[in-house]
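# Structural characterization, general
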Amino acid sequence: MRDSLVTAASHKISARHVNVFYGDKQAISDVSIDFDRDVVTALIGPSGCGKSTFLRTLNRMNDTIPSARVEGEIDLDGEDIYAPEMDVVQLRARVGMVFQKPNPFPKSIFENVAYGPRIHGLASNHAQLADIVERSLNRAGLWDEVKDRLSDSGTALSGGQQQRLCIARAIAVDPEVILMDEPCSALDPIATAKIEELIHELKGRYAIVIVTHNMQQAARVSQRTAFFHLGALVESGSTSDIFTNPRQERTKDYITGRYG
Ligand SMILES: Nc1ncnc2c1ncn2[C@@H]1O[C@H](COP(=O)(O)OP(=O)(O)OP(=O)(O)O)[C@@H](O)[C@H]1O
C-alpha cells in the first residue's frame, strides 16, 4: 500500500481507471497510465479512438463539453484534479494546452503572452511582465522573429509562428505539464520541424503529452508512446519498444499500417 502511494506520487500525472462518456456513449474505457517529468509521451491510434478525449481529461478541458462525464482518478503530483476543491483555472495554468489549430487571441503578440501571467498575478510591474514575455517567446523559439513587432496582432503571424506563440502563451504561466493536441497538423513541413525541435528543447522542463496522427513524428519527438484503440489503452511503453517490438497484435497492425 505504502509502496503504491509512493510510486503514484512520484509520477507527474497518474491516471487510474479513467472512463469518459459523451451522454450514453462511452469514448474512453478503463485507462490507467502515468506521465513523468522530462518525458515526452505520444498518444497514437486510429481516428476516433479517443486520444483527444483522453488528453482533455488531463486538465479538465472536457468540463467545457456539457455532455462529457469523466470517471476514475487523475492525480497531479498526487493530488486528485477532479476533487471539488481543485481550482480549475490554476489547474489549466499548471497543465497547459496547445491545440491543433493555432488559436492566438485577436490581440498583440505581447498581450497574447502577457495575458496569463497578468491574470495569475505573476508580475508586479510592467518590467517584470515584459521580462516574462521575452523569456517565454525566447523559450518558444519566436523572440528573434517578433521582438521588433510585439505590438502587431498575433493573428498576423504565419501559422507556424502562431503555434509557437500559443506555446509561448502556455509557457508564460510556468506550467508543469504541456498537452499538445496534434500541434503540427495545420502546419507545413518546415514549421512542423521547428515545433518538433522546440518540443525536444522543452522536454527538459516539462512533462509533455502529445497526440499525433503521424507515427514518424511520434517516433521523432517522444520517449514514451501509448497506443489507443476503440477507447482503450492497448499498450504503452518506451517509444522504441512500441515501434520495434510491440507486445500486442493490434499495436503491430497499426504501426505497420494495416489499419488507421
Ligand atoms: N464533443 C463530443 N460529443 C460527442 N462525442 C464526441 C465528442 N468528441 C468526441 N466524441 C466521440 O468520442 C470518440 C473519440 O473521439 P476523439 O476525438 O477523442 O478521438 P481521436 O482519437 O482524438 O480522433 P481523431 O484522431 O480523429 O482526432 C469518437 O467516437 C468521437 O465521435
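Further up the page is the structure itself.
Residues numbered from 1 in each chain as written. Predicted model: local features only at pLDDT ≥ 70, side-chain atom pairs only at ≥ 80, totals over all residues. Heavy atoms only, no water.

## Concerning the pairing of strand 8 (residues 207–211)
Most of strand 8 is tucked away, with 5 of its 5 residues classed as buried. On strand 8, burial covers both faces: Ala207, Val209 and Val211 on one face and Ile208 and Ile210 on the other are all buried. Two strands pair when backbone bridges link them, and strand 3 (residues 40–44) and strand 8 are joined in this way by 4 bridges, in the parallel orientation. Residue pairing in the sheet places Thr41 in a bridge with Val209 of strand 8. (Buried < 20%, exposed > 50% of the residue type's maximum accessible area, 1.4 Å probe, protein only. Helix = DSSP H or I, 4+ residues; strand = E, 2+ residues; numbered from the N terminus. Pairing = 2+ DSSP bridges.)

## Quick look at unusual backbone geometry
Excluding glycine, a negative phi dihedral is what most residues carry, and trans is how most peptide bonds are arranged. At Asp77, a position not held by glycine, the phi torsion is positive, near 50°. Relative to the helices and strands, Asp77 resides in the loop between strand 4 (68–76) and strand 5 (79–80). Notably, Leu230 is not glycine yet its phi reads approximately 50°, a positive angle. When you line up the elements, Leu230 lands in the loop between strand 9 (224–229) and strand 10 (232–238).

## Brief notes about the pattern of salt bridges
Under the definition given, this model contains 16 salt bridges. For Asp77, the salt bridge identified is with Arg37, shortest N-O distance 3.1 Å. Of this pair, Asp77 sits in the loop between strand 4 and strand 5 while Arg37 is found in the loop between strand 2 (25–35) and strand 3, placing the two residues 40 residues apart along the sequence. Overall, Asp77 belongs to the partly exposed group, its relative accessible area being 32%. (Salt bridge = Lys/Arg side-chain N within 4 Å of Asp/Glu carboxyl O.)

## Concerning the site of the ligand
Residues in close proximity to the ligand total 15 residues, the closest being Lys25, Ser47, Lys51, Ser52 and Thr53. Note that an oxygen atom of the ligand is positioned 2.6 Å from one of the side-chain N or O atoms of Ser47. Taking Ser52, its side chain carries an N or O atom lying 2.8 Å from an oxygen atom of the ligand. Here the ligand, which alone exposes 630 Å², has 65% of that area covered by the protein. For the shell around the ligand, the elements supplying multiple residues, two or more each, are strand 2 and helix 2 (51–57). It is helix 2 that contributes the most residues to the shell around the ligand, 4 residues altogether. Per-class residue counts for the shell around the ligand are 5 nonpolar, 6 polar and 4 charged. (Near = heavy atom within 4 Å. Polar contact = N/O pair within 3.5 Å; in protein donor to acceptor, adjacent residues only side chain to side chain. Areas by Shrake-Rupley, 256 points an atom, 1.4 Å probe, with all protein chains shown as cover. Nonpolar A, V, L, I, M, F, W, Y, C, P; charged D, E, K, R; others polar.)

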